[in-house]
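# Descriptive analysis of the structure
Chain by chain, the residues run as shown.
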Amino acid sequence: MLAFALKRLGLAVLVTFTVSAISFSLLHLSGDPATAIAGENATEADIAAINEQYGFDRPFAEQYAEWLWNAVQGDFGQSYYFKLPVAELIADRLSVTMTLGVCAISFALLTAVPLGVLAAIRPNSLIDRIALFISVAGQAMPSFWFGLIMIVVFSIKFRLLPPSGSETWRHFIMPTIVLGYYAMPAIMRLTRAGMLEVLNADYVRTARAKGAGAGRVLFKHALRNAIVPVVSLSAVQMGFMLGGSIVVESIFALHGAGYLAWESIGRHDLPTVQALILIFSCFYILFTLLSDLANAWLDPRIRVG
Amino acid sequence: MTSASAQTSESIVAVSRSVLLRRRVFGHYGLLFGLAVLGIVVAAAVFAPLLAEHSPYTQNLAARMKPPFWMAGSDPSHLLGTDQLGRDYLARLLYGARISLLIGLVTALISGLIGTALGVAAGYFGGKVDLAVTFLINVRLAMPVVLVALAIVALFGGSLQIVILVLGFLLWDRFAVVMRSSVMQIRGLEYVNAARAIGCSTPRILLSEIMPNVANNLIVVMTLEMAHAILLEAALSFLGLGVQPPTPSWGLMISEGKEMMLFQPWLITIPGIALFLLVLAINLLGDGLRDVTAPEAKG
């Protein structure tokens, strides 16, 4: 187990470095950062001064090495726009995004798992069809549009919920539903497929034959085994969701890291965008690492294979 | 189920593969629905100049925000009304179908080419090649797609070509994953070994033995990634960092209608429903193709 864990950890670190290198080069090679900061009416002298001040005139590899060395120590440089340390800016906003992420994944699990279980107990029944419809519709629904429709219905028509902001828990209800609905279809399908497989397994038949009650068979024997892949899928989905929060946060003006990313992209604030890409990637890498380790711990076959 | 099995057991020898396939296709309502809706959208896109009475770009400030035909005060020459600049909404919707289909198709082709090359190489050669490709897939999955796409489009400036290129270079991961595992499953089969034994070159084995047998999976992934690309383009354009105005992109139409959604909700519901239906149809088509070509994999 230790060997597997170390190998997996090494891979995660390697992936992190590669992502940082790719995103750094993409952002630095694709535009002229000095013009972006100085604005379109800047003179040549302005641009030269900015190049020197920020070190854009130095070799590319040197810039990357310096940025990486500082980033590892938690220093992501100064935001061009806010003139504040990027690390501070992001730390401020990250709690909102984390809250949203945790709420959304909880919402997705609390709706998708029961629905998947019910659908598996009665395949091809009405509830199975409803579950299928919800998941198919969920995959096709543009989340920004779903968010707007919710604002029209719940904020404008019925005046139940605030349309934007992040002050109270009520501001989080609609973003949670929109972001959670994005993760629901995959979780529901996996729960249903897992339950269908497990319910036909020999040990479930044995449990029934022994005379175990229906509830006991369902929760103690079947769900416990069917839920294992769902847990690792949720970890991956959580990583995707934090990256996807940029759309939801900008619709509801929820001042989290995703909103900061959107604003910073519009302002060509490279250090902030760079740091955010790296941080969102790290979250994804961390969640998949944890889920892989948990799986290997639960299932010895993975460790060896 | 029982009646169907009784029917097939009677004529089990007589039923040919093509008849079986036809039966499966016509018994699959999701697939039929997907085909029908996609057909309508493709027709709308191709014949947009014939179907639309107005240009999607001509502004008419005297006739701004005319409501669609089912509401009071509508103008019969603008069936779906006009937007905040007085442009015909039906024309913009029809021409918008071209943008969505173009983005979906070209993106899926680019990412399909990259992902298939990587996945087939990894699956066929295994070993170090496989390790390298798996690593690349991990790196790609770790990058937040929306964020990276937005950042690059913002730096290069939004245009149709840039959006297609960026999405094409970002969405290859699923192709690589699926092609890798499909090729792994068949690379040790007898007909592949036989081809190797009679001295076929590697490119020949890959192109004429491996590819035809994984083409089904490739087509299914292609439809799903088309849908994915269409949704992402709409989201990027909605956030203002995708296709730029005055191009009639559905995402952009929703973004422009957002300011008026309080009084004119149809400005966002019409393009939104179009987007939803198109993506739904492509997804159903993909799921249906999987069910029909590989019924044993139905999940």
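A short tour of the structure in this document, coming up.

Residues and elements named next belong to chain B. Between the first and last C-alpha of helix H5 (residues 89-125) there are 53 Å, a value that for 37 residues agrees with the 54 Å anticipated at 1.5 Å per step. The N-capping residue of H5, defined by a side-chain oxygen 3.0 Å from the backbone nitrogen of Ala91, is Asp88. Directly after H5, the chain includes Gly126, whose backbone phi takes a positive value near 60°.

How two aromatic rings sit relative to each other is set out by the distance from centre to centre and by the angle between their planes. In this structure the tally under the stated criterion is 11 aromatic pairs over all chains. Consider the rings of A:Phe146 and A:Tyr181, whose centres lie 5.3 Å apart with planes at 55°: the pair is tilted. Of this pair, A:Phe146 sits in helix H7 (residues 143-157) while A:Tyr181 is found in helix H8 (residues 173-199), placing the two residues 35 residues apart along the sequence. The pair A:Phe146 / A:Tyr181 is uniform in exposure class, with both members buried. Centre to centre, the rings of B:Tyr89 and B:Trp266 are 5.8 Å apart; their planes meet at 90°, and the pair counts as edge-to-face. In this pair, B:Tyr89 sits in helix H5 while B:Trp266 sits in helix H13 (residues 266-293), placing the two residues 177 residues apart along the sequence. B:Trp266 carries the same exposure label as B:Tyr89, and that label is buried.

The interface is formed by 42 residues belonging to chain A together with 39 residues belonging to chain B. For the pair chain A and chain B, the summed buried area comes to about 3600 Å², and 84% of that belongs to carbon and sulfur atoms. The tally of links between chain A and chain B comes to 1 salt bridge. Between A:Arg189 and B:Asp287 there is a salt bridge; the shortest N-O distance is 3.6 Å. On inspection of chain A and its partner chain B, the count reaches 3 residue pairs in polar contact (both at pLDDT 80 or more). Where the side of chain A that touches chain B is concerned, the elements lending two or more residues are helix H1 (2-29), helix H6 (126-140), H7, H8, helix H10 (214-251), helix H11 (257-266) and helix H12 (270-298) of chain A. The residue inventory of the side of chain A that touches chain B, partitioned by class, reads 33 nonpolar, 7 polar and 2 charged.

The residue B:Phe47 is located in the loop between helix H3 (29-46) and helix H4 (48-51) in this model. Sequence spacing of B:Phe47 and B:His28 is 19 residues, and the spatial spacing of their C-alpha atoms is 28 Å.

Quick notes on the rules
Residues numbered from 1 in each chain as written. Chains lettered and ligands numbered in written order. Predicted model: local features only at pLDDT ≥ 70, side-chain atom pairs only at ≥ 80, totals over all residues. Heavy atoms only, no water. Helix = DSSP H or I, 4+ residues; strand = E, 2+ residues; numbered from the N terminus. Expected span 1.5 Å × (residues − 1). Polar contact = N/O pair within 3.5 Å; in protein donor to acceptor, adjacent residues only side chain to side chain. Phe/Tyr/Trp six-rings, centres within 6.5 Å; stacked < 30°, edge-to-face > 60°. Buried < 20%, exposed > 50% of the residue type's maximum accessible area, 1.4 Å probe, protein only. Contact = heavy atoms within 4.5 Å. Buried area = accessible area lost by both parts, 1.4 Å probe. Salt bridge = Lys/Arg side-chain N within 4 Å of Asp/Glu carboxyl O. Nonpolar A, V, L, I, M, F, W, Y, C, P; charged D, E, K, R; others polar.

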